[in-house]
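# Per-entry structural report
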Amino acid sequence: MKEESKKLFINKETGWKNITPEQKQEIFKLSEEYMQFLNKAKTEREFIKEAKKLADKNGYTDIINKKELKPGDKIYFINREKSMYLAIIGEQNIEENGLHIIGSHVDSPRLDLKPNPLCEEGGFAYFKTHYYGGIKKYQWTTIPLSLHGVIVKTNGEKIEINIGESEKDPIFTITDLLPHLAQEQMEKKLKDGIGGEDLKILIGSIPSDDEKASEKIKQNILSLLNEKYGITEIDFNSSEIEVVPAFKARTLGLDQSMVAAYGQDDKICSYISLAAMMQLQKVKNTAVCILSDKEEIGSMGNTGMESHMFDFFISEILNKLGINKPNLLDRIFCLSKMLSSDVDAGYDPIYESVSDTLNAGYLGKGIALNKYTGARGKSGASDANAEYVAWIRNILEKNNIKYQVTELGKVDIGGGGTIAYILANKGADVIDCGVPVLSMHAPYEVTSKYDIYEAYKTYEAFWKE
Ligand code: MN
Ligand code: MN
């Protein structure tokens, strides 16, 4: 009977069971590399900068510097320092086989400085912010924050900002009301407890000794910025400065089985797919890795996946292979296969009521495939065809990769979206595929080291297929 049930039922055991000490070492090693990368890459610009370093080191060339391409060539294209596409040209005819694409995003929820951010109120200087992506505002108060980004002057000079990551740096924070005086605040709905305009970063309190200054603390901050970066207040108008948690990525748990870090949505899939691509050598089908921007706010704009920049990259490949002709790009997309590699909601027993436990993604049970995303009645979903799901299952099973096919939350409760629909709308076969996360979009997100390793194996197997 026991044998028969083993044969008939889905195996829902944790992946940690039957792991050898050697495998565990491998799993922990990959997570260590991932955490080190995360600590250098908290924003999309930092991620792309680090990704370029890795690509250059591993024999990839900017496609702009290539006159022609041939099978085996490794290339990339960087779009405005915020998104990047990489490819290895396959041995097989691209016209007949399309591409094998893995796409993820490198932007994460955060607070952006407003274009005119600096203000003085009641003896303090603040930076005003506009939050980016879906956040629970109360989670962003009373935690250490750092500033990352660029200020571009009218002469084109670009100043890079990174304050709050080094132990020697100051950090910043957003204050909250003491419980003693928070009766009224505590009566509010959780979503209204902290207002969007109240997400102001505390940055200073010393006044300048200029007796004539109207805002002495603001003036003192401006003098410090002018001294250090040569900027004045108006230069913030052409800046992109992001406020992110100053936490380091850390191993979580007495058994060291998990990773806690900011921005794992979706830098976990971005880094792991990038790492897998760096180890790829010859491939049958042209392998493409997308590191996209602006997913958290709808993939719009010229660095988001909705833009034509990706089409441009693939057209450039076809041009440089010397095979381009009318409609070839459309044909290639229609023949392509894609993993839209984005995180999944991990089942959290503290909040069990939002999950269908039969269809939830569990930490430690392997890579999670979402046949469809969307919300309430699959609205807006890209629903992978059963034939394609079977094709993916076959790859996973023959490579001994542990997987779970999941849904994001109960039917009437919610849902989510990724970049899957964008490539699916061009005609490619696409399935959502990623690592389950606890506390998604919070300043500190939690993942399982086991799933990270299974994700790596998945990406490698998909590209080698
Ligand atoms: Mn995501
Ligand atoms: Mn997200």
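Residues numbered from 1 in each chain as written. Chains lettered and ligands numbered in written order. Predicted model: local features only at pLDDT ≥ 70, side-chain atom pairs only at ≥ 80, totals over all residues. Heavy atoms only, no water.

## Remarks on the pairing of strand β20 (residues 429-434)
With five of its six residues buried, β20 lies for the most part within the structure. Pairing geometry for strand β14 (residues 337-340) and β20, over four bridges, is parallel. Considered in β20, the bridge of Met338 is made with Val430. (Buried < 20%, exposed > 50% of the residue type's maximum accessible area, 1.4 Å probe, protein only. Helix = DSSP H or I, 4+ residues; strand = E, 2+ residues; numbered from the N terminus. Pairing = 2+ DSSP bridges.)

## Thoughts on the domain arrangement of the protein chain
By domain assignment, the protein chain separates into domain 1 (2-108 + 262-464) and domain 2 (110-245). A C-alpha centroid distance of 34 Å is found between domain 1 and domain 2. With 19 residues of domain 1 at the contact, the number on the domain 2 side is 18 residues. When domain 1 packs against domain 2, close to 1,500 Å² is buried across both sides, 46% of that on carbon and sulfur atoms. Scanning the region where domain 1 abuts domain 2 turns up six salt bridges. As a salt-bridge pair, Lys49 and Glu160 come within 3.0 Å of each other at their nearest N and O atoms. In this assembly, domain 1 and domain 2 are joined by 12 residue pairs in polar contact (both at pLDDT 80 or more). The residue inventory of the side of domain 1 that touches domain 2, partitioned by class, reads four nonpolar, three polar and 12 charged. (Domains from an automatic or database assignment. Contact = heavy atoms within 4.5 Å. Buried area = accessible area lost by both parts, 1.4 Å probe. Salt bridge = Lys/Arg side-chain N within 4 Å of Asp/Glu carboxyl O. Polar contact = N/O pair within 3.5 Å; in protein donor to acceptor, adjacent residues only side chain to side chain. Nonpolar A, V, L, I, M, F, W, Y, C, P; charged D, E, K, R; others polar.)

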